[in-house]
Amino acid sequence: MNVYDSDKMAELLRASHGLEPTSHAEEADVIVLNTCSVREKAQEKVFSDLGRLAELKAGRPDLVIAVGGCVASQEGEAIVARAPCVDLVFGPQTLHRLPELLDARRDSGRPQVDVSFPEIEKFDALPPARVEGPTAFVSIMEGCSKYCTFCVVPYTRGEEFSRPAHAVLAEVADLALRGVKEVTLLGQNVNAYLDPDGPEGDLDFADLLQVVSDLPGIERVRYTTSHPLEFSQRLIDAHARLPKLAGQVHLPVQSGSDRVLAAMKRGYTALEYKSIVRRLREARPDISISSDFIVGFPGETEADFQATLDLIDAVRFDGSYGFVYSARPGTPAASLADDVTDDTKRERLQRLLAKTDLEAARVSATMVGTRQRVLVDGHARRDTSELRGRTDNNRVVNFKGGERLIGQFVDLTITDVAHYTLRGAL
Ligand code: SAM
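Attention in this report is confined to the structure presented alongside it. Quick caveat, the model's predicted, so the values are computed rather than measured. (Residues numbered from 1 in each chain as written. Predicted model: local features only at pLDDT ≥ 70, side-chain atom pairs only at ≥ 80, totals over all residues. Heavy atoms only, no water.)

**Some thoughts on the pairing of strand β13 (residues 371-379)**
Put simply, the test is: Strands pair, by our definition, only if DSSP identifies at least two bridges between them. Secondary structure elements follow DSSP: runs of H or I no shorter than four residues count as helices, runs of E no shorter than two count as strands, and numbering proceeds from the N terminus.
Where β13 meets strand β16 (residues 409-418), five bridges bridge the pair, whose relative direction is antiparallel. Looking at β16, one finds that R371 is bridged to T413. Summarising the sheet, β13 and strand β14 (residues 387-390) pair through four bridges and their orientation is antiparallel. Bridge pairing links G378 to R388 in β14.

Below, the structure is given as structure tokens:
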């Protein structure tokens, strides 16, 4: 989502002020930090980066420094107070106002702060995305209304709101005309999607997947992130019905302990989660399921953690992300005693990741010898004489092939595997 937002910022500044991106801070007229506050470490990094940028600005007073994203949203004016080198502060819902804020800064000579939530206005004001390669992200909804006790997102990105289906379809159709073959529909909880322009319940996420995959030129559709709470049978059925829908779902579970899930206010039990997975696999037997886990939530005992490991054994996830719990200011869980020691949190994270990595390696190994349909998106990262593509279950495959294959679907036989990356042959 932050990659999507950063691209939009770059497009806006190109359209309004003719600014071109550079990867060298010393060359820049405007430096934008797009920030994340989901964990403390990411939040603190912003201030250490600003310390370095203040030195750069000392020698170049005209340099404009802007801070966007969720740290900006959470801290607002306090950013300018703590880091006076900052000229602009804007939130995820005001990024479209970046050009005006830049002008106001130059005209007034004063720092500008706008971290309000004008909601849908954002999408109407954004320029069309630049197309680079055959894949693209498309935001379909913003914000979150789940209020999990650990999570800062509802406070920084605002409540859930869906983008009108006609606007999503127009954007995807335009991308398809410009050569995009695979779109990833984006949102905090995409399965909460409901077309705001239709009568209540008229067009939900399962319907949206259907109409997006019906668009000419679109050959593969992914989405991220979904939430177990609104993972409806209609959505599960869509996985059986829509061949263009990728066989891969990232479905954060966070914990396998019902006690911890209740304290997190996730709204489901481990059994209910397993029931979704079982029905997804009935609908699409080869589906790859990955997840997010938090270890060391306040009060998490060894037995709770063991329940998480048991869930991993039962579900057999294909790759996952694990995070050490980080108390976020303003969230309900921040008032609970953060009573799991740092050593225990780290040790649990290692045990968890060892298990999920092993399972991902097992899935990769089973792919050796199979034939996979791969969308070629460019050159391999290490050996740029080779090409790189992605399988339906989102594995990277490197292989030898001609330039003209970039942007096309090809069939590869998987010949080898190194960690998560596969090798293939045409
Ligand atoms: N909307 C999704 C959900 O919760 O189902 C995920 C969105 S969140 C931006 C991405 C991941 O960050 C979460 O799934 C969670 O594992 C992790 N996360 C969120 N808040 C956290 C916190 N306070 N400490 C550690 N990890 C956290």
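Having put the structure on the table, let's press on.
**Quick word on unusual backbone geometry**
In plain terms, the rule: The buried label goes to any residue with under 20% of its type's maximum accessible area, the exposed label to any with over 50%, and the partly exposed label to all in between, with areas taken from a 1.4 Å probe on protein chains only.
Omega for the peptide link from T224 to T225 comes to -5°, which places this bond in the cis form. One non-glycine residue with positive phi stands out, namely Y147, at about 50°. Counting through the fold element by element, Y147 comes out in the loop between β6 (141-142) and α7 (153-157). Among the residues examined, Y147 registers a relative accessible area of 27% and is labelled partly exposed. Phi is positive for N394, which is not a glycine, with a value near 75°. Along the chain, N394 falls in the loop between β14 and β15 (396-399).

**A short note on the side chain of R105**
Rules: Note on definitions: a residue-residue contact is assigned when non-hydrogen atoms from the two residues lie within 4.5 Å.
Relative to the assigned elements, R105 resides in helix α5 (residues 98-108). With a relative accessible area of 19%, R105 lands in the buried category. When neighbours within four sequence positions are excluded, R105 is seen to be in contact with D87, L88, R110, P111 and Q112.

**Topic: the sheet that holds strand β12 (residues 320-324)**
Selection rule: Where helices are involved, their axes are fitted lines through C-alpha atoms of the stretch in contact, as for all axes, and angles between N-to-C directions lie from 0 to 180°.
Pairing within the open sheet is parallel, and its three strands lie in the order β10-β11-β12. The outermost strands of the open sheet, each flanked by one partner alone, are β10 (248-250) and β12. The average angle at which neighbouring strand axes cross in this sheet is 10°, direction not considered. Pairing of strand β11 (residues 288-295) with β12 involves five bridges; the strand directions are parallel. Bridge pairing in β12 places D292 opposite Y321.

**Quick word on the site of the ligand**
Put simply, the rule reads: Throughout this document, a residue counts as near a molecule or strand when at least one of its heavy atoms sits within 4 Å of that molecule or strand. Whenever a nitrogen or oxygen atom comes within 3.5 Å of another N or O atom, the pair is scored as a polar contact, on the condition that within protein one atom can donate a hydrogen and the other can accept it, and that pairs from neighbouring residues in sequence are kept only if both atoms are in side chains. Accessible areas in this description were obtained via Shrake-Rupley with a 1.4 Å probe; residue shielding takes into account the shown protein chains only. Each residue is assigned to one class: nonpolar for Ala, Val, Leu, Ile, Met, Phe, Trp, Tyr, Cys and Pro, charged for Asp, Glu, Lys and Arg, and polar for all the others, Gly among them.
Taken together, 17 residues form the shell around the ligand, and within it Q188, Q254, R266, D292 and S326 come nearest. For the ligand, an oxygen atom lies 3.1 Å from a polar atom in the side chain of R39. Between a nitrogen atom of the ligand and a main-chain N or O atom of F150, the distance comes to 3.0 Å. Here the ligand has 570 Å² of accessible area as a free molecule, and 91% of this is covered by the chains. Those elements that place two or more of their residues in the shell around the ligand are β11 and β12. In terms of residue class, the shell around the ligand is made up of seven nonpolar, six polar and four charged.

**Describing the state of the cysteines**
The test is simple: Disulfides are defined as pairs of cysteine sulfur atoms found within 2.5 Å of each other.
Summed over all chains, the structure comprises zero disulfides. Looking at the unpaired C36, the closest cysteine sulfur is the one in C70, lying at 6.5 Å. Judged by relative accessible area, C36 falls into the partly exposed class, the value being 30%. Residue C144 stays outside any disulfide, its sulfur separated by 6.2 Å from that of C148, the closest cysteine.

**Description of the packing of aromatic side chains**
What counts is decided by this rule: Stacked, tilted and edge-to-face pairs are distinguished by plane angle, under 30 degrees for stacked and over 60 for edge-to-face with tilted covering the rest, among Phe, Tyr and Trp rings (Trp via its six-membered ring) whose centres lie within 6.5 Å. Note on criteria: charge over ring means Lys NZ or Arg CZ within 6 Å of the ring centre, with the direction from the centre no more than 35 degrees off the ring normal.
Inspection of every chain in the model, using the stated rule, returns six aromatic pairs. Residues Y273 and F317 carry aromatic rings whose centres are separated by 6.2 Å and whose planes lie at 45° to one another, so their mutual orientation is tilted. Separated by 44 residues along the polypeptide, Y273 in helix α12 (residues 270-283) and F317 in the loop between α13 (302-315) and β12 bring together distant segments of the chain. On the basis of relative accessibility, which here comes to 0%, the residue F317 falls in the buried class. Taken together, the aromatic side chains of Y268, Y273, F293 and F317 make up a single cluster linked through ring pairs. A cation over a ring is seen here: R82 above F47, with NZ or CZ 3.6 Å from the ring centre. Over the ring of Y420 we find R395, and its NZ or CZ is 4.1 Å from the ring centre.

**Some details on the side chain of T184**
Relative to the assigned elements, T184 resides in strand β8 (residues 182-186). By relative accessible area, T184 is classed as buried at 11%.

**Points about the sheet that holds β16**
The mixed closed barrel is built from five strands, whose spatial order is β13-β14-β15-β17-β16. Each strand axis lies, on average, 55° off the axis of its neighbour in the sheet, ignoring direction. Docked against the sheet, helix α14 (residues 342-367) engages β13, β16 and β17 (421-425), running at close to 120° with respect to β16.

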